[in-house]
Amino acid sequence: MRLRSLGVALATTAALSALPLAHTTASAAETPLSQGKTVTASSQENSGTPAAYAVDGNTGTRWSSAATDDQWLEVDLGATTSVSQVVLNWEAAYGKDYKVQISNDNSTWTDLKSVTGGDGGLDTLAVSGQGRYVRMLGVHRATPYGYSLWEFQVFGSASSAQPGCGTANSAQGKPASASSTENAGTPASAAFDGSTSTRWSSRSADPQWIQVDLGSVQDLCEVDLNWEAAYGKDFQIQASSDGQSWTTLKSVTGASGGTASYDVSGSGRYVRVYGTARGTGYGYSLWEVAVHTGTTGVPPVQGGGDLGPNVIVVDPSTPNLQQKFDDVFAQQESNQFGTGRYQFLLKPGTYNGINAQIGFYTSISGLGPNPDDTQINGDVTVDAGWFNGNATQNFWRSAENLAITPSNGTDRWAVAQAAPFRRIHVKGGLNLAPNGYGWASGGYIADSRIDGTVGPYSQQQWYTRDSSVGGWTNGVWNMTFTGVQGAPATNFDSGPYTTLDTTPVSREKPFLYLDGSAYKVFVPAKRTNARGVSWPANAGTSLPLDQFYVVKPGATSATINQALAQGLNLLFPPGVYHLDRTIDVTRANTVVLGLGLATLVPDNGVDAMHVADVDGVKLAGFLIDAGPVNSDTLLRIGTPGSSADHSTNPTTLQDVFVRIGGAGPGLATNSVVVNSNNVVIDHTWLWRADHGSGVGWNTNRADYGLRVNGNDVLATGLFVEHFNKYDVYWSGERGRTIFFQNEKAYDAPNAAAITHDGIVGYAAYKVADTVTTHEAWGLGSYCNYTADPSIVQAHGFQVPVKPGIKLHDLQVISLGGMGQYAHVVNDTGAPTSGTSTVPSKVVQFP
């Protein structure tokens, strides 16, 4: 949207369910209940007009939607609220017909007001209703643009009657803990035993705390404290969904002990009293703590549960096991753009005579804590018979956390992009080429031990991280290694190898395993300057499955977001999940894990997922497939302007893939935008489709693959292809990339379509002119301009020439003469050589 606020004159009235609509301003002294609260929208026009700008209290920022009707903006007030007034401050692109609605559960909505014939400007609506969620639901726009609000303000008061607050003590008899105890006779449990003759008391120091585990996330409405003579003068009542991140429900100062009841509003599994100042010279001492929970409202989302029909759990005694593998492979071998998704989970044990052929959207994983717990005497195979021996389209599959003793001494894993091989022990050799040594375009190995030799043969490029190999025979263009024992030495000037002794920062991907009969997710710890595999030491944390919402088929985005708000992590079983609103990950350390290439599809132009600027979120093992209505950003990590330091606990993105087109028309301006600092991108393939259905220069338009605005971001294993403009645009400081593979868009219609700023072609990898420090190793960009082979792209890489900018081992290649590169980086490097498909290299720049 390119409109400025036009200061449209306001008409005296607008039809408002047959009532006059007054244009008055809410009291300046009153802060809206909506200000700064969590807000979501059906869409946003671009990254500069997010939903959050409508509730930031700043009339110089705005939210704007996609240019269609039936758009909405919704604010979560955080608790049931009596709403008395809603103020909409429209930008020039306003809603002519719209509704203001309220909901208790974010699912069933009640109209507070219907506006027809609105004239923009400032709409101040007197309303009456109770609920937690308030939204503007647009029906018809007044202009060809979307809906745009400078501010969306909700006024009222939190409900004080606490309707539906239960009388039972939900904390009684539940597990309790404390920062300290005075002696063995005053344990934490004594404050939750229902007896006023037993008590908890702490040692004589500030601060101190006592907490109780209610067993599940619940709506909290009242906390009763019965103090002994040693009371808390200043304290907070807090809640948490995970026992780690706490929200203050009530702050109390100047208390005088005795018995007191406090109305609260919020949710959590854990409740604690956190004392900051004692009322006496002794510690804190409580006879009893009672917690009351709501009996009305939204039922909590339950964690754990069944993994679904497409998770196939087997053990060595499973009847017809080979047939199970064969049946899935027969369905998935050539099913490149189908909807089938499958995950094989192998219980610990020894499997003899198995050949698990792995097709599209199929994953195989061991369920032991270590790879050697699950032994396959046989093979886990990827080949390319379905494509006449050409492995360049063997995408979207994976193997993880098992040991293979190949039947003939060498296992075959002939893959292309998006086919990770993680945490595998190969007791023999590994062949990365298809039978017959046809073309291949992979790939990625991490945290694996290959006792024998790895033979890439026809593989054009490969990245291996934090592993051990018995040898490496050859390679075509770009073989990059970091932290790999047994890796070949760097020889990029005359060969394909770039080798770094260690990986600067890494954290292995979370994985599902069995602890006895219980499923858990292991979250490995961060490593610095790693070399070799992380197992069997296995530093990290185990999370029980009941701390995950196992997403069910047909689950709504509202339910998924409710689970996240409760503090649950997400586990997506194999399947395709349509999203009618953005998944909002707002809690530090949240894990979002997919099985069997679980696929998220944003509908109606919403973004698929937003991650807040918080520590330690782990995103792993899923595919985002763009929908037919343009999304601004399919995955956004951190809000614009994020500035927090996450170096001790970075967010990680692992085996998260993005596809625009191929399975049908798909549109997205940006695939992935990283605003947070210190993010680690460990293996991703961001792909604007060059084949399949819904493919064309504008049919599956996507301008940018990866945009990095955060500082100190590291990418290890970065595959980005075919975007209409820059495949990678990096504007954060101190960024690092280890291994980059790229192809420019095949379907650029002519040189004019990709000419900008006097330059023919958008660089595959662009570092912004403002950046002063950036470093990258092992970079390749290839052109295959099939629509116009006469295009001569200026360069593959474009960076500012500054002392802190360093590129190592980079190359450009013309694939069979279908277009050419004039240079490698900026104006440096020889042009590509006609039809001979020979790399033009620069070993060091500048």
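Residues numbered from 1 in each chain as written. Predicted model: local features only at pLDDT ≥ 70, side-chain atom pairs only at ≥ 80, totals over all residues. Heavy atoms only, no water.

Participant: For this particular structure, what's the right way to read the sheet that holds strand E45 (residues 704–708)?
Facilitator: The strands that make up a sheet pair up through hydrogen bonds in the backbone, lying either parallel or antiparallel. As summarised here, the arrangement of the nine strands in space is E37-E39-E41-E43-E45-E47-E51-E53-E55, forming an open sheet in which the pairing is parallel. Either end of the sheet is taken by a strand with one partner, and the two such strands are strand E37 (583–585) and strand E55 (820–825). For this sheet, the mean inter-axis angle between neighbouring strands, taken without regard to orientation, is 25 degrees. Inspection of the sheet shows strand E41 (residues 631–637) paired to strand E43 (residues 668–674) by five bridges, in the parallel sense. (Pairing = 2+ DSSP bridges. Helix = DSSP H or I, 4+ residues; strand = E, 2+ residues; numbered from the N terminus. Axes fitted to C-alpha atoms, helices over the stretch in contact; angles between N-to-C directions.)

Participant: Hey, could you run me through empty space enclosed by the protein in this one?
Facilitator: A probe as big as a water molecule, rolled over the atoms, marks out the empty space that is left. Tallied over the full model, the rule gives four cavities of 30 Å³ or more. Approximately 200 Å³ is the volume attributed to the largest cavity. In terms of lining, the largest cavity is formed by 24 residues, of which the most central are Gln343, Ser398, Glu400, Lys509 and Gly594. Taken together, the residues of the lining of the largest cavity break down into ten nonpolar, nine polar and five charged. (1 Å grid on protein atoms, 1.4 Å probe; cavity = no way out; pocket = protein on both sides within 12 Å on 5 of 7 lines; lining within 4 Å. Points joined across faces, edges and corners; volume = space filled by probe spheres on them. Nonpolar A, V, L, I, M, F, W, Y, C, P; charged D, E, K, R; others polar.)

Participant: Where do I start with the sheet that holds strand E30 (residues 511–515) in this structure?
Facilitator: Pairing in this open sheet of three strands is antiparallel, and the strands run E30-E31-E33 from one edge to the other. Two strands lie at the open edges of the sheet, namely E30 and strand E33 (540–544), each paired on one side alone. Neighbour-to-neighbour, the strand axes of the sheet open up by a mean angle of 40 degrees, direction not taken into account.

Participant: Which parts of the structure should I look at to understand helix H1 (residues 321–332)?
Facilitator: Think of an α-helix as turning once every 3.6 residues; residues three or four places apart then point the same way. Over its twelve residues, H1 extends 17 Å from the first C-alpha to the last, a length consistent with the 16 Å expected when each residue adds 1.5 Å. Among the residues making up H1, those that are buried are Leu321, Phe325, Val328, Phe329 and Gln332. Mapping the buried residues of H1 onto a view down its axis gives an arc of 100 degrees, with all of them on the same face. Summarising the contacts, the buried residues of H1 are in contact with strand E15 (311–314), strand E16 (342–346), strand E17 (349–357) and strand E18 (362–366). (Expected span 1.5 Å × (residues − 1). Buried < 20%, exposed > 50% of the residue type's maximum accessible area, 1.4 Å probe, protein only. Arc of directions from axis to C-beta. Contact = heavy atoms within 4.5 Å.)

Participant: Got a minute to help me understand the pairing of strand E36 (residues 576–579) in this structure?
Facilitator: The side chains of a regular strand alternate between both faces of the sheet. Across the two faces of E36 the burial differs, with Tyr577 and Leu579 buried and Val576 and His578 not buried at all. In terms of strand pairing, E36 meets strand E38 (residues 591–602) through four bridges, oriented parallel. Looking at E38, one finds that Val576 is bridged to Thr599.

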